[in-house]
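Notes for the structure review
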Amino acid sequence: MSTKINSIIKSALPLGVMSTSWLEKHGISRAEQGKYVKSGWLTRMTTGIYRFSNEEPTLFGALASYEKQMNGVYRIGASSALALHGVSHYIAIGKPVCHVFTPQNHRLPTWLTSLEWDRTLKEFSTNVFDGSIGVTQIEHEGLTLQVSSPELAIMECMLLAPEYYNLMDVYYLMEMLTALRAGVVTKLLEQCSSFKVKRLFLYMADKSKYTWFNRLDLTNVTLGSGPRSLAKGGVKDSKYNLIVPRELAEYE
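On a predicted model such as this, the values are computed, not experimentally measured, just so you know. (Residues numbered from 1 in each chain as written. Predicted model: local features only at pLDDT ≥ 70, side-chain atom pairs only at ≥ 80, totals over all residues. Heavy atoms only, no water.)

A look at the pattern of salt bridges
In total, this model carries 8 salt bridges according to the counting rule given. Between Arg75 and Glu156 there is a salt bridge, with the nearest N and O atoms lying 2.7 Å from each other. Highlighted residues: Arg75 in strand E4 (residues 75-76) and Glu156 in helix H7 (residues 150-160), separated in sequence by 81 residues. By relative accessible area, which is 0% here, Glu156 ends up buried. (Salt bridge = Lys/Arg side-chain N within 4 Å of Asp/Glu carboxyl O. Helix = DSSP H or I, 4+ residues; strand = E, 2+ residues; numbered from the N terminus. Buried < 20%, exposed > 50% of the residue type's maximum accessible area, 1.4 Å probe, protein only.)

Re the sheet that holds strand E2 (residues 42-46)
Ordered by their spatial adjacency, 3 strands build an open sheet running E1-E3-E2, and the pairing between neighbours is antiparallel. At either end of the open sheet lies a strand with only one pairing partner, and these are strand E1 (18-19) and E2. In this sheet, strand E3 (residues 49-52) lies alongside E2 in antiparallel orientation, the contact comprising 4 bridges. Across the sheet, residue Arg44 finds its bridge partner in E3, namely Tyr50. Against the sheet, helix H3 (residues 30-39) engages E2 and E3, with an angle of about 110 degrees to E2. (Pairing = 2+ DSSP bridges. Contact = heavy atoms within 4.5 Å. Axes fitted to C-alpha atoms, helices over the stretch in contact; angles between N-to-C directions.)

Points about the packing of H7 against helix H8 (residues 167-176)
At a closest axis distance of 10 Å, the pairing of H7 and H8 adopts a crossing angle of 170 degrees. Of the possible angle classes, the one that applies to H7 and H8 is roughly antiparallel. Two secondary-structure elements touch here, H7 through Ile154, Cys157 and Met158 and H8 through Val170, Leu173 and Met174. Residue classes in the contact of H7 with H8 are distributed as 6 nonpolar, no polar and no charged. (Parallel < 35°, antiparallel > 145°, perpendicular 65-115°, else oblique. Nonpolar A, V, L, I, M, F, W, Y, C, P; charged D, E, K, R; others polar.)

Overview of the environment of Ser19
Assignment of secondary structure puts Ser19 in strand E1. Given a relative accessible area of 4%, Ser19 falls into the buried group. Sequence spacing of Ser19 and Thr47 is 28 residues, and the spatial spacing of their C-alpha atoms is 9.0 Å. Excluding residues within four positions of it along the chain, Ser19 makes contact with Gly48, Ile49, Gln69 and Met70. Of note is the side chain of Ser19, whose polar atom sits 3.2 Å from the side chain of Ser21. (Polar contact = N/O pair within 3.5 Å; in protein donor to acceptor, adjacent residues only side chain to side chain.)

Next up, the structure:
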């Protein structure tokens, strides 16, 4: 028995979880899983999910395990992704929030969304971005995480604004993105299905006067018609047909 558990310890991800099926694939039957629980090696977190009894899994560890063991699809996005890229406007107070994006046909499993983690999980299921562009891998604390690139992450912030993000905070983040890749931005704008996101991104990028903005190819980028209001009593920007908060319009 000790040989098997030592093999699992070597194969499992740091601060991750283990599914029943993954344990079975590594030679530990369901009956043996129960024995390891009784002997104190494993702790059952919920149906079909275990952890080592001497470890407290993190959300990042659980997400990495979900992908590796269960072929799960996810990406850490928006401001959470930017923070992993070293771009942050916020000073975390209390328990940090992790924004996770999933396709509408591939939501996170209940065990991931219902268990308590070191970070508050906020899942956003959307097909506004098709997920084929702007997703990268980051090595973090011994884990390989699926993370939105800075180009995609800032657009995700705009998608969630103004409900989840103040537009001024989003613009402060945009001000830090001095080296976005024009080619990646162009492709994201082409395949993004939200006119609000595309107009707001172009408005903020234009306002920031970055050199990469002038290299964008907008030939195949559609922006829709009619005004889009993002603030009551705001200021209209005629170029992008957006109504934005006065504070943002007047910010220099």
